[in-house]
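What follows is the residue order along each chain.
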Amino acid sequence: MYTFDPDKLNQKFTELINTVDDPNLREVMHRRLKRNSHLVVGAILVDKENKICLIQEAKGPWANKWNLPIGHLEHGETILQGARREVKEETGYDVELTELLPLQNASCENVFRILYTGKVIGGSPKERTKSDTSAVDWFTFNEIQQKLIKQELRDIGVWYDILLYQNSDRLPLNTIKDVEYTEL
């Protein structure tokens with residue numbers, strides 16, 4: 001009996017797309033591949049000086065643009081595990097997730113975004129495991145606003161996420177329940 005494995009299917013599509021020579025066309029093909037709604041998870045980290053942690057993208061069309069530590073949930077992991085993993089991979093920091101921000105559905109991108117607030121409890125940018133980030137830094141709200149004006153943010157979604165953080169009520173971590181379904 002054949003068992004469907006979404007990771008293997010995605011790997012095969014990625015291998016095929018990577019045979020295309022033009023990097024811009026490859027990026028468009030990757031985005032089209034992900035046109036079905038998908039889930040991204042991450043965290044907004046704020047330090048004692050009220051600065052927000054951003055990562056600088058190193059690859060693709062967003063190279064040198066600043067973004068929050070956020071990425072796709074991997075098959076088999078919980079949302080909390082995915083958010084911690086993305087933050088660790090992209091920043092090198094170990095974090096304690098503290099609250100959940102209101103859920104967002106960016107329908108223009110078919111993206112469902114789940115962001116937590118968090119605080120650093122260990123690690124350092126030297127411990128980053130993802131090669132697609134080139135820098136980690138902390139910025140004030142005004143500095144991030146200037147990055148928006150200068151078009152130095154990955155996209156407008158980063159700005160919306162920060163506004164959501166500043167202007168929304170927070171939800172407890174257990175708002176999203178982890179459940180495991182078994183066969184009947």
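Look up a bit, the structure's there.
Predicted model only: the values in this text are computed from it and were never measured. Throughout, residues of each chain are indexed from 1 in the direction in which the sequence is written. With the structure being a predicted model, the display of local features is reserved for residues of pLDDT at least 70 and the display and counting of side-chain atom pairs for 80 or more, all residues being used for whole-chain, interface and lining totals. With hydrogens and water stripped out, all remaining heavy atoms of the structure feed into the side-chain values.

This part takes up the overall build of the protein chain. Summing up its helical and strand segments, the protein chain has five helices and eight strands in all. We count a stretch as a helix when DSSP gives it H or I for four or more residues in a row; a strand needs E for two or more, and each element gets its number in order from the N terminus. Mapped from its N terminus to its C terminus, the protein chain presents α and β elements in the order α-α-β-β-β-β-α-β-β-β-β-α-α. Categorising residues by exposure relies on relative accessible area from a 1.4 Å probe, with only protein chains included: less than 20% of the type maximum marks a residue as buried, more than 50% marks it as exposed, and the intermediate range marks it as partly exposed. A buried classification covers 34% of the 184 residues belonging to the protein chain. Long-range pairs, those at least 24 residues apart, make up 67% of the contacts in the protein chain between residues at least 6 apart in sequence. Shrake-Rupley sampling with a 1.4 Å probe provides the accessible areas, and residues are treated as covered by the protein chains on show and by no other component. Element-wise, carbon and sulfur atoms account for 50% of the exposed surface of the protein chain, whose accessible area totals about 11500 Å². The criterion used for residue contact is that any of the two residues' heavy atoms lie within 4.5 Å.

Pairing of aromatic side chains here covers Phe, Tyr and the six-membered ring of Trp, requires ring centres within 6.5 Å, and sorts the geometry by plane angle: under 30 degrees stacked, over 60 edge-to-face, intermediate tilted. Summed over the entire model, instances satisfying the criterion amount to three aromatic pairs. Their ring planes at 75° and their centres at 5.0 Å tell us that W66 and F139 sit as a pair that is edge-to-face. You can see W66 sitting in strand β3 (residues 66-67) and its partner F139 sitting in strand β8 (residues 133-139), a full 73 residues away along the chain. Ring plane angle 35° and centroid distance 5.1 Å describe the contact between F141 and W159, whose orientation is recorded as tilted. One end of the pair, F141, is in helix α4 (residues 141-149); the other, W159, is in helix α5 (residues 156-167), and 18 residues separate them in sequence. Residue class for F141 comes out partly exposed when judged on its relative accessible area of 23%.

For strand β2 (residues 52-57), a buried count of six out of six residues is recorded, marking the element as mostly surrounded by other parts of the structure. Pairing analysis gives six bridges linking β2 to β8, with the strands arranged antiparallel. Among the inter-strand pairings, Q56 is bridged to a residue of β8, identified as A135. The sheet contact formed by β2 and β3 spans two bridges and is antiparallel. Paired with I55 across the strands is N67, a residue of β3. Each pair of strands is called paired provided DSSP finds at least two bridges between the two strands.

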